[in-house]
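The primary structure of each chain is shown beneath.
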Amino acid sequence: MPRILITSALPYVNGIPHLGHLVGCLLPSDVYARYQRMLGNEVLYICGTDEHGTPSEVGAAKEQMSVEAYCDKYHNRHKEVYKKFNLSFDFFGRTSTPQNEEIVNHIFAQLDKNGFIEEKTIKQVFSIDDDRFLPDRYITGTCPYCGYDKARGDQCENCTKVLDPTELINPRSTISGSTNLQVRETKHLFLKLPLLEKELAQWVKTKEPYWPDVAYSIAQKWLKEGLQERCITRDLKWGFSVPKSGFEDKVFYVWFDAPIGYIGISKQWADENPAARDWRSWWLDAKDVYYVQFMGKDNVPFHSISFPATLLGTRENWTKVDYLKGMSYLTFEG
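Owing to the predicted nature of the structure, the values given are computational and were not obtained by experimental measurement.

## A look at helix H9 (residues 300-313)
Link 1 in the chain: The end-to-end C-alpha distance of H9, which contains 14 residues, comes to 19 Å, matching closely the 20 Å that a straight helix rising 1.5 Å per residue would cover.
Link 2 in the chain: Once H9 ends, the next one or two residues include Arg-315, with phi positive near 60°.

## Quick notes on the environment of Pro-171
Link 1 in the chain: Among the secondary structure elements, Pro-171 is positioned in strand S8 (residues 169-173).
Link 2 in the chain: Along the sequence, Pro-171 and Val-300 sit 129 residues apart, while their C-alpha atoms lie 26 Å from each other.

## Some thoughts on the environment of Pro-165
Link 1 in the chain: Within the fold, Pro-165 resides in the loop between strand S7 (151-152) and S8.
Link 2 in the chain: Pro-165 sits in the buried class, given a relative accessible area of 9%.
Link 3 in the chain: Note: C-alpha distance between Pro-165 and Leu-195 (30 residues apart in sequence) is 25 Å.
Link 4 in the chain: Dropping the residues within four chain positions of it, Pro-165 is found in contact with Val-125, Leu-134, Asp-136, Ile-139 and Gly-153.

## Comments concerning empty space enclosed by the protein
Link 1 in the chain: Under the counting rule described, the total for this entry stands at one cavity of 30 Å³ or more.
Link 2 in the chain: When its volume is computed, the largest cavity comes out at roughly 100 Å³.
Link 3 in the chain: For the largest cavity, the lining is made up of 13 residues, of which Ile-232, Trp-255, Phe-256, Ser-306 and Thr-310 are closest to its centre.
Link 4 in the chain: Among the secondary structure elements, those contributing two or more residues to the lining of the largest cavity are strand S10 (230-231), helix H7 (254-272) and H9.
Link 5 in the chain: Considering only residue class, the lining of the largest cavity consists of 10 nonpolar, two polar and one charged.

## Some words on the packing of aromatic side chains
Link 1 in the chain: Going through the model one piece at a time under the given rule, you end up with 14 aromatic pairs.
Link 2 in the chain: An angle of 75° between the planes, with centres 5.8 Å apart, marks the rings of Trp-203 and Trp-211 as edge-to-face. Across this residue pair, the class does not change: Trp-203 and Trp-211 are buried.
Link 3 in the chain: Members of the aromatic cluster, connected to one another through ring pairs, are Tyr-45, Tyr-82, Phe-89 and Phe-92.
Link 4 in the chain: Over the ring of Tyr-145 we find Lys-161; its NZ or CZ atom is 4.9 Å from the centre of that ring.

## Considerations on unusual backbone geometry
Link 1 in the chain: At Asn-86, a position not held by glycine, the phi torsion is positive, near 60°.
Link 2 in the chain: Despite not being glycine, Arg-315 has its phi angle at roughly 60°, a positive value.
Link 3 in the chain: Relative to the elements of secondary structure, Arg-315 occurs in the loop between H9 and strand S14 (323-327).
Link 4 in the chain: By relative accessible area, Arg-315 is classed as partly exposed at 46%.

## Focus: the layout of surface pockets
Link 1 in the chain: By volume, the largest pocket is sized at about 1000 Å³.
Link 2 in the chain: Surrounding the largest pocket, 38 residues form its lining, His-18, His-21, Glu-157, Asp-298 and Tyr-329 being those nearest its centre.
Link 3 in the chain: When residues of the lining of the largest pocket are assigned to their parent elements, the largest contribution, six residues, is made by helix H1 (residues 19-38).
Link 4 in the chain: Of the residues belonging to the lining of the largest pocket, the class tally is 18 nonpolar, 14 polar and six charged.
Link 5 in the chain: The volume enclosed by the second largest pocket comes to roughly 810 Å³.
Link 6 in the chain: Lining the second largest pocket we find 35 residues, and of these Val-162, Leu-163, Trp-222, Gln-228 and Arg-230 sit closest to its centre.
Link 7 in the chain: Looking at the lining of the second largest pocket, the elements with two or more residues in it are strand S4 (117-127), helix H6 (213-225) and S10.
Link 8 in the chain: No other element matches the four residues that H6 contributes to the lining of the second largest pocket.

Rules of the game
Residues numbered from 1 in each chain as written. Predicted model: local features only at pLDDT ≥ 70, side-chain atom pairs only at ≥ 80, totals over all residues. Heavy atoms only, no water. Helix = DSSP H or I, 4+ residues; strand = E, 2+ residues; numbered from the N terminus. Expected span 1.5 Å × (residues − 1). Buried < 20%, exposed > 50% of the residue type's maximum accessible area, 1.4 Å probe, protein only. Contact = heavy atoms within 4.5 Å. 1 Å grid on protein atoms, 1.4 Å probe; cavity = no way out; pocket = protein on both sides within 12 Å on 5 of 7 lines; lining within 4 Å. Points joined across faces, edges and corners; volume = space filled by probe spheres on them. Nonpolar A, V, L, I, M, F, W, Y, C, P; charged D, E, K, R; others polar. Phe/Tyr/Trp six-rings, centres within 6.5 Å; stacked < 30°, edge-to-face > 60°. Lys NZ or Arg CZ within 6 Å of the ring centre and 35° of its normal.

Here it is in structure tokens:
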């Protein structure tokens, strides 16, 4: 009998979950988990709040709270909402734990040792008025691909294109609204995805008969366009500090540590439940585990490309997704 590992996309801790979260990943994953339990299969169904990155810093600043207190507040709100909907998670954790930091640091060290990490000097947007760099959601503007005027510095929610902040048209600071911006140089670490592209493409190809069209086509689109090196560090204070000389003042990019959070949350579950299986039995050399992910289509590139490539680059036998369910958006009033 296979063991079924199920992960539902980790919602950002800021704000309250909406119907899109429920329809796009939470209810489908819950139904699937209940079905697998009814079949008599052993199931580990996990979720949790995604707590690093700019949304938490921006939200905390707006509510005049520390980021830690802000994340505690909204983590508990998420838990309350999901409990009211009677979602059957085996464990609902969070990505900001020591367990996740330990695994993130291990995976980073393996990637670095294996030659998949590169230091580069890049140009980023700096706000004169805010006296800081503006990564990701600290900057908004017009998407250069579809013209959406509220695109974030990391991704356009309208066309799902992953963006670099310097690509935005008419950019402005999310913090102050200031347009008094400059492009300055700063050092960062990059995951060398091109070195893993051929191996990753072969792995994705094996999923063609199984993945739904929306997930498989998004993955193939990225591969056909050619993978680029991906920045995995940020000029932020909130996050896991980078354990590498010269980069101690930076943190890992949320899209590096958030998917690893599935593993970190599993370790948190095992640590807090003495009767639980060893978390490694689900994630390392776990030949009898069938892994299913549920998410909205905007998360598919990270789960079909970035996260599997990260795991492949460790040269360790981590559990990778067998079936990836990417859901189209729930729309309202058109």
